[in-house]
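These are the residues of each chain, in order.
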Amino acid sequence: MIEIDNVHKHFGTLHVLKGVSLNVKKGEVLSMIGGSGSGKSTMLMCINGLEGIQKGSISVDGIDVHAKATDLNKLRRRIGIVFQQWNAFPHLTVLENVMLAPRKVLGKSKQEAEAIAVQQLGHVGLGEKLRAFPSRLSGGQQQRMAIARALAMSPDYMLFDEVTSALDPQLVGEVLDTLRMLSKEGMTMIVVTHEMRFAREVSDRVAFFCQGQIHELGTPEQIFDSPQKPETADFLRSVL
Amino acid sequence: MAYTFQWRPVLHSLPEMLWGALVTLEIAALAMAIGTVFAILLALAKRSGGKTLSALADIWIETARNTPALFQIYLIYFGLGSFGLRVDSYSALLLGITFNNAGYLAETFRGGFSAVPETQTRAARSLGLGQIRTMWHIVLPQMLRAVFHAMTNQMVWSILMTSLGVVVGLTSDLTGVTQQLNVVTYRTFEYFFVAACLYYLISKIFTISARLLASRLFRY
């Protein structure tokens, strides 16, 4: 379980998160929607400690992410993250990209790591591209590779930060299909997205972010069909 | 009186000169290897070190890049001597070129580090890789590509700089051997011409090998 309690985050004088509280249960798919600059991506970065917080607390399975004593490298093995810019490692082949962390972080042997990587890449439909360098892949393929790379660590949680925002429209579908597949498999996921139809379809709950706060939280039906707050309704009208 | 070329003595001493060339290559390679290590440390000190470290790195880099290499070698040879630290001419040359290389390469690496996007580090850290592993597996290999060409140039420069060893009395490197033969035979033009050809050959062989290596290393 991910427990977020009254989190505040500042970038210099900018107050980006203003008391966010939220719990995400095992097996749940939670979507975060909202305008740019509303704090949803920042919230995601705080969950695996890529960004620090100034107040409040975040714990993952009871481990305080921002406590000094917490071994972040160890915690991050259990929390996969995929970024908007897929961040493939350009000097490694697709297979090596996925093998790296299982080998160097989990200490798997070369054969074990390769087996895991081959399996995960097959899972996201890249079984034919194992020896290719990322530069030979389309954006959608690179993004799926990034998903396989995170999955290779067998994480308990997956965080997705606008993973389709930088893709050409015709490539969005293949990446969303991969996310759909994961949600069906019962992966616990927090998905920051601008794809409203997708959020509605896969989410158990949807959180609407506005000005650094969760303005409204509920099932997809509640949020999309009968939003309670005027800001939510305004936002949805502007994007749908 | 016209000067008549006599090549025979040079041909006779060619083996000696080739040994000298080997010493030249040895000094250049050592100075490059040690210089690279210090350059990375200097670049990191400027990037992430505190004020003092950064200022010390600056002094090194500025001195190395803005004073003649000849003086750097001179000052090490005679300067350290006056502090009671006697260094032989081989070590003085090696230290001087290392100092110079480190200064130039530090700036190269500083640029190289910024050529690797911050997001690469972020992605690596998010997979649970620690700072050192991220540096080793993700940042350094990508940086190497960005700085490879500049490093090749520095190595050639370093090979040619070894000829300065003659000013601190080095006799074992190519220039030293050539100068020794010159003072005995007075066939100045012939000896230095052949020595120059050897410098050219060493530099060319190195540049071509580096290019081949690059095409193997950077297939992406």
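From a predicted model like this one, the values you see are computed outputs, not experimental measurements.

Cut-offs and rules
Residues numbered from 1 in each chain as written. Chains lettered and ligands numbered in written order. Predicted model: local features only at pLDDT ≥ 70, side-chain atom pairs only at ≥ 80, totals over all residues. Heavy atoms only, no water. Helix = DSSP H or I, 4+ residues; strand = E, 2+ residues; numbered from the N terminus. UniProt positions renumbered as here; feature names shortened; annotations may be inferred. Contact = heavy atoms within 4.5 Å. Buried area = accessible area lost by both parts, 1.4 Å probe. Salt bridge = Lys/Arg side-chain N within 4 Å of Asp/Glu carboxyl O. Polar contact = N/O pair within 3.5 Å; in protein donor to acceptor, adjacent residues only side chain to side chain. Expected span 1.5 Å × (residues − 1). Bend = angle between axes of the 7 residues up to and from the residue. Buried < 20%, exposed > 50% of the residue type's maximum accessible area, 1.4 Å probe, protein only. Pairing = 2+ DSSP bridges. Axes fitted to C-alpha atoms, helices over the stretch in contact; angles between N-to-C directions.

Enquirer: So what's going on with unusual backbone geometry? Residues and values would help.
Expert: For residues other than glycine, phi is negative in most cases, and the peptide bonds are mostly trans. All names here are of chain A. At Asn-87, a position not held by glycine, the phi torsion is positive, near 55°. If you trace the backbone, Asn-87 turns up in the loop between strand S6 (79–82) and helix H3 (94–104). Unusually for a residue other than glycine, Glu-162 sits at a positive phi of about 45°. Within the secondary structure, Glu-162 sits in the loop between strand S7 (157–161) and helix H6 (169–184).

Enquirer: Explain the UniProt feature "domain: ABC transmembrane type-1" (unreviewed entry) in chain B residue by residue, including any values.
Expert: The positions UniProt marks with the feature "domain: ABC transmembrane type-1" (unreviewed entry) are residues 21–210 of chain B. Measuring from the first to the last C-alpha atom of residues 21–210 of chain B gives 19 Å, for a span that is 84% helix and 0% strand.

Enquirer: Could you give me a rundown of the interface of chain B and chain A, with the residues and numbers involved?
Expert: Contact residues are listed per partner, giving 18 residues for chain B and 23 residues for chain A. The three residues of chain B that bury the most area against chain A are B:Arg122, B:Leu127 and B:Tyr220, which together make up 35% of that side's buried surface. Here chain B is connected to chain A by one salt bridge. Note that A:Glu51 and B:Arg122 form a salt bridge whose closest N and O atoms lie 2.8 Å from each other. The tally of links between chain B and chain A comes to four residue pairs in polar contact (both at pLDDT 80 or more). Taken together, the elements giving at least two residues each to the side of chain B that touches chain A come down to helix H6 (118–126) and helix H7 (131–161) of chain B.

Enquirer: Got a sec to walk through H7(B)? Specific residues and values, please.
Expert: Compared with the 45 Å implied by 1.5 Å per residue over 31 residues, the 36 Å span of H7(B) between its first and last C-alpha is markedly short. At B:Val147, H7(B) is deflected by roughly 55°, the largest bend along its length.

Enquirer: Outline the environment of B:Leu144, supporting the account with residue identities and numerical values.
Expert: All names here are of chain B. You can see Leu-144 is positioned in helix H7. The exposure class assigned to Leu-144 is partly exposed, which follows from its relative accessible area of 31%. Those residues in contact with Leu-144 that sit more than four places away from it in its chain are Met-151, Leu-217 and Phe-218.

Enquirer: Give a detailed account of the UniProt feature "transmembrane region" (unreviewed entry) in chain B, specifying residues and quantitative values.
Expert: The UniProt record annotates "transmembrane region" (unreviewed entry) at residues 17–44, 155–171 and 191–214 of chain B. Secondary structure over residues 17–44 of chain B splits into 100% helix and 0% strand, and the C-alpha atoms at its two ends are 40 Å apart.

Enquirer: Give a description of the environment of B:Arg86 that names residues and reports values.
Expert: Relative to the helices and strands, B:Arg86 is located in the loop between helix H4 (69–82) and helix H5 (89–115). Each C-alpha atom, one on B:Arg86 and one on B:Ile76, is 9.8 Å from the other, the two residues being ten residues apart in sequence.

Enquirer: Now, about the sheet that holds strand S4 (residues 55–60) of chain A: what can you tell me, with residues and values included?
Expert: All names here are of chain A. The antiparallel open sheet is built from four strands, whose spatial order is S2-S1-S4-S5. Of all strands in the sheet, those bounded by a partner on one side alone are strand S2 (14–24) and strand S5 (63–64). Running at roughly 115° to strand S1 (residues 2–11), helix H1 (residues 40–47) makes contact with S1, S2 and S4 of the sheet.

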